[in-house]
Amino acid sequence: MMDQKLEPGRFKLCIIDDIKSVVEMISRKPAWQEHGIEVAGTALDGEEGLRIIRETRPDIVLTDIRMPRMDGLKMTRAILEDLPDCKIIILSAYSEFAYAQEAIRLGALDFVKKPFSLDEIVNVVLKAKELCREERQETARLAVMESKIRESLPILRQEYLTFLLHHQTTEADARSRWAYLDIPLAQHDFFVFVAEIDHFAEKLQGQPVQEVELLRFSLHNILEETISAWTRGVIIREATDRYVCIMNGSAPDTAALITEACCTNVSQFSRNTLSIGVGPGVSAIHELATAYRQALSALGYHFYTGGNGVYHYGNIENKPLSLHSYSAAAEQELLFALRSGNSGKSLQVLDQLFSELLDSELLPEPRYVESVGYELSSKICRVLLEQFPYEQVEPLERGIEAMKNRVHPSLQDIRSLLSGLCREACALVEEARSLESTRIIHQAIAYIRSHLDTGLSLEQVAKQINLSPGYFSNLFKKVQGGSFQQYVMHEKMEKAKSMLIGGLQVQEIAQDLGYEHRRYFSEVFKKYTGMTPSEFKLHYLGKE
C-alpha cells in the first residue's frame, strides 16, 4: 500500500485509461511534482482503478468514460460514495459526450474531449488542484473553529444558561440551543436555587486574589459533589460571592434535602456558610427565568436570619399582603427621647418600632424594612443637626453610607446601625448638656466666692443664675459631686484658714465671712477642722 500521507500543500492524482500509452504519457510527461501533485496510482480498467483509488484515496481522479470491466460512470458513482470530496475528471470522445454529461450530473468535476493535448490535461488537473486547496483551507478553518467551540463550550453553556435565567425565550429555540451546546441536563423538570456566601466582603477584604479564587473554586466543588449525589445539575458563578444552580427534579422535598445538604457540607468542609434561596419547580426550559426570579426573592429573606440556611419561595408566595408600618406617635417618641439625650428610652422605643413593623405572620419585603431603617437613620441625623454643627454629625452620616454600600445587610445589621446612632446621638446631647451645666455651675461658684461675706442661701444663688432652687440644687450636686451647703462651708472655712494665717483676728474673720457671732464661727470652724481658730493658728505657725 502506498503511503497516504502527503506534505502540506501536496495532492494525489490517480490516472485510469484502457490505453496504456495514454496512461504513461499523462503520468510521466507533465512535471507533476513541480505543481505539488503526486501520481498515487494508475490502472488500465475500471475495477483495478477503483481498487487503487480506495487504497490510495486520491484528491483527483483522471479517468476514461469507456473502459473494460467497469465504465467511468459506474466508477464515478462508486468513488463519490467513498470519497465525496474527490475531484473526478472524465476523458471522453466527442461521440461519448452524453456519457460525460451524465458523469457531471453524478458529481464529476469536469471532462476533457479526445483527442486532447497535455496542456489541456495539465490545466484541468491544476484547476481541480486549486479547488482541492481551497476546500482544504476551508476544512482547516472549520476544524480550528470547531476546536475553539469545543474549548469554549463550558463558557458558552454558562453564558446561555445565564441568558435563560434573565430573559424569556421560546421553548423551540431553547431546545435547539440546549442540544447544540450539549448541556448535561434533561430538557424538562427543573429547580433553580441561588446560593450566596455569607459575609463574603468582610471576611475576604484585603485577601490576595488567589485566596479568593481558591475559596470560590472550593465551594463550587462542594456544591457540585453534593448535587451530583442526588441529580444532575449545572452551577453558574453569577457573581464573586454568588452561585446559581439549575438542577433536574420535580419533587420539592428532594430539592429541600439537596439544598439543606449543600448548606451543611459547605459549613462542614470549609470555614464558610451559605444562604440559599430556592424557587418552585418548573417543567420547561422557558420557565427558568421565572424560577430564578423567585429564588432571588427567597434569598432576600435571609435578611431576617443572618444566613447559613435555606429559604423557599413557597414560604412567601400566595399569602395576603399586609400593611407593615409603625405608629407616627412611636417615631415622635423616639425623636423626643433623642432630643432629651435619654439613651435608655430611645433604645426602648426603637425596639417598639421594630416590633410593630414585624408584627405579622408574613414578614415584610426585606428591601422595605431596609429602606425604613435608612429613613429612620436620616431622621436621627436631622434631629442632631437641630442642635449641633454638621462637623459633629458628619461621622454618623458616613456610618449610614457605609451600611448602604454593604452587600445585603441583615436585619440585625440595620438594627445595630440604628441602636448605635441612638447611643451616639444621646451621648452628644449629654456631653453638650454637661458642658452647659458646668458653665452654669462655674458661674454660680464665681458668685459664691465673691459673696462669702453674706448668708449665701441656695435660693439667693439660684436666683442669680435664673434657675429654680430645686433644679439648681440637683445640678450643683451633679457637677460638683457635693451639696451646695457643703461647698459654701468648704469655701468659707478655707478662706478663714488663709485669714488666720494672715494675722487677722477671729472677730474680724467672723464678720468678713458673714457670721454674726464670734462664738458660732468658732464652733463651726472647730467642727470643720477639729481645732479652734486659735489652736489652728498656733499649730500652723509652729508655736504649740
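The model shown is predicted, which means the values in this text are computed figures rather than measured ones. (Residues numbered from 1 in each chain as written. Predicted model: local features only at pLDDT ≥ 70, side-chain atom pairs only at ≥ 80, totals over all residues. Heavy atoms only, no water.)

Novice: In this structure, what is going on with the pairing of strand β9 (residues 274-278)? I would like to understand it.
Specialist: The two faces of the sheet receive side chains in turn, since in a regular strand these alternate between them. Of all five residues making up β9, five are buried, and the element is well covered by its neighbours. On β9, burial covers both faces: L274, I276 and V278 on one face and S275 and G277 on the other are all buried. Here strand β6 (residues 190-197) pairs with β9 via five bridges, running antiparallel. Each residue of the ladder has a partner; that of I197, found in β9, is L274. Here four bridges tie β9 to strand β10 (residues 309-312), and the two strands are oriented parallel to one another. For V278, the partnering residue across the bridge sits in β10 and is H312. (Buried < 20%, exposed > 50% of the residue type's maximum accessible area, 1.4 Å probe, protein only. Helix = DSSP H or I, 4+ residues; strand = E, 2+ residues; numbered from the N terminus. Pairing = 2+ DSSP bridges.)

Novice: Please explain the layout of surface pockets as it appears in this structure.
Specialist: Gaps left between atoms show up when a probe the size of a water molecule is rolled over them. The space that makes up the largest pocket amounts to roughly 830 Å³. Considering the residues around the largest pocket, the lining is formed by 40 residues, among which L299, G300, Y301, F303 and H408 are closest to the centre. Elements represented by at least two residues in the lining of the largest pocket include exactly β6, α7 (200-204), α10 (288-300) and α13 (366-385). With five residues, the top contributor of residues to the lining of the largest pocket is α10. Per-class residue counts for the lining of the largest pocket are 15 nonpolar, 13 polar and twelve charged. (1 Å grid on protein atoms, 1.4 Å probe; cavity = no way out; pocket = protein on both sides within 12 Å on 5 of 7 lines; lining within 4 Å. Points joined across faces, edges and corners; volume = space filled by probe spheres on them. Nonpolar A, V, L, I, M, F, W, Y, C, P; charged D, E, K, R; others polar.)

Novice: Even after reading the chapter, I still don't get the packing of aromatic side chains, so can you show me in this structure?
Specialist: In this description, a pair of aromatic rings is defined by centroid distance and the angle of the planes. Across all of its chains, the model carries 13 aromatic pairs by this definition. Note on W178 and F190: the rings are 5.7 Å apart at their centroids and 55° apart in plane angle, and the pair reads as tilted. Here F190 lies in strand β6 and W178 lies in helix α6 (residues 171-180), a separation of twelve residues in the sequence. Note on accessibility: W178 and F190 belong to one class, buried. Relative to F484, the ring of F476 has its centre 5.9 Å away and its plane inclined at 80°; by these criteria the two rings are edge-to-face. Neither F476 nor F484 differs from the other in exposure class; each is buried. Three or more aromatic residues joined by ring pairs form one cluster here, namely Y515, Y520, F521, F525 and F536. Geometry around Y374 places K404 over its ring, the cationic atom sitting 5.5 Å from the centre. Against the face of Y515 rests K492, its NZ or CZ located 5.1 Å from the ring centre. (Phe/Tyr/Trp six-rings, centres within 6.5 Å; stacked < 30°, edge-to-face > 60°. Lys NZ or Arg CZ within 6 Å of the ring centre and 35° of its normal.)

Novice: Can you help me understand the confidence of the model for the protein in this one?
Specialist: Detailed reading of the predicted coordinates is not advisable wherever pLDDT is low. Of the residues in the protein, 95% have a pLDDT of 70 or more, and the chain-wide mean is 86. Counting interchain partners and residues more than four positions distant, the pLDDT-below-50 stretch residues 1-5 has eleven contacts. (pLDDT = per-residue confidence, 0-100. Contact = heavy atoms within 4.5 Å.)

Novice: How should I be thinking about the pattern of salt bridges in this particular structure?
Specialist: Any two side chains of opposite charge can pair, given that their charged atoms come close. Per the counting criterion, the structure on display carries 29 salt bridges. Across the pair R242 and E238 runs a salt bridge whose closest N-O atoms are separated by 3.6 Å. The residue R449 makes a salt bridge to E491 at a minimum N-O spacing of 3.3 Å. Here E491 lies in helix α18 (residues 484-501) and R449 lies in helix α15 (residues 411-450), a separation of 42 residues in the sequence. (Salt bridge = Lys/Arg side-chain N within 4 Å of Asp/Glu carboxyl O.)

Novice: What is the right way to read the sheet that holds strand β3 (residues 60-64) from this model?
Specialist: Within a sheet, neighbouring strands are paired by backbone hydrogen bonds and run either parallel or antiparallel to one another. Spatial ordering of the open sheet is given by β2-β1-β3-β4-β5, a layout of five strands whose pairing is parallel. Looking at strand neighbours, the two that pair on one side only are β2 (37-43) and β5 (110-114), the edges of this open sheet. Strand after strand, the sheet turns through a mean of 20° between neighbouring axes, direction not considered. The pairing of strand β1 (residues 11-16) with β2 spans six bridges and is classified as parallel. Across the sheet, residue I16 finds its bridge partner in β2, namely A43. Along the sheet face, helix α1 (residues 20-28) touches β1, β2, β3 and β4 (87-93) and points at about 170° away from the line of β2. In the packing of helix α3 (residues 72-82) onto the sheet, the strands contacted are β1, β3 and β4, and the crossing angle to β4 comes to about 180°. (Axes fitted to C-alpha atoms, helices over the stretch in contact; angles between N-to-C directions.)

Novice: Which parts of the structure should I look at to understand the environment of L106?
Specialist: As for its placement among the helices and strands, L106 is situated in helix α4 (residues 97-106). Its relative accessible area of 24% is what places L106 among the partly exposed residues. Sequence separation between L106 and K74 is 32 residues, and the spatial gap between their C-alpha atoms is 9.8 Å.

Novice: I'm lost on the nonpolar core in this one. Help?
Specialist: Here is a general trend for soluble globular proteins: nonpolar side chains tend to be buried in one another's company. Membership of the largest hydrophobic core comes to 42 residues, with the highest contact counts inside it found for L334, L338, F354, V369 and L418. Elements with a contribution of two residues or more to this core: α11 (328-339), α12 (343-357), α13, α14 (390-404) and α15. The dominant element in this core, judged by the number of residues it contributes, is α15, at ten residues. The next biggest cluster of nonpolar side chains, apart from the first, holds 31 residues, and it includes F484, Y487, L500 and A510. (Core = buried A, V, L, I, M, F, W, Y, C linked by side-chain atoms within 4.5 Å.)

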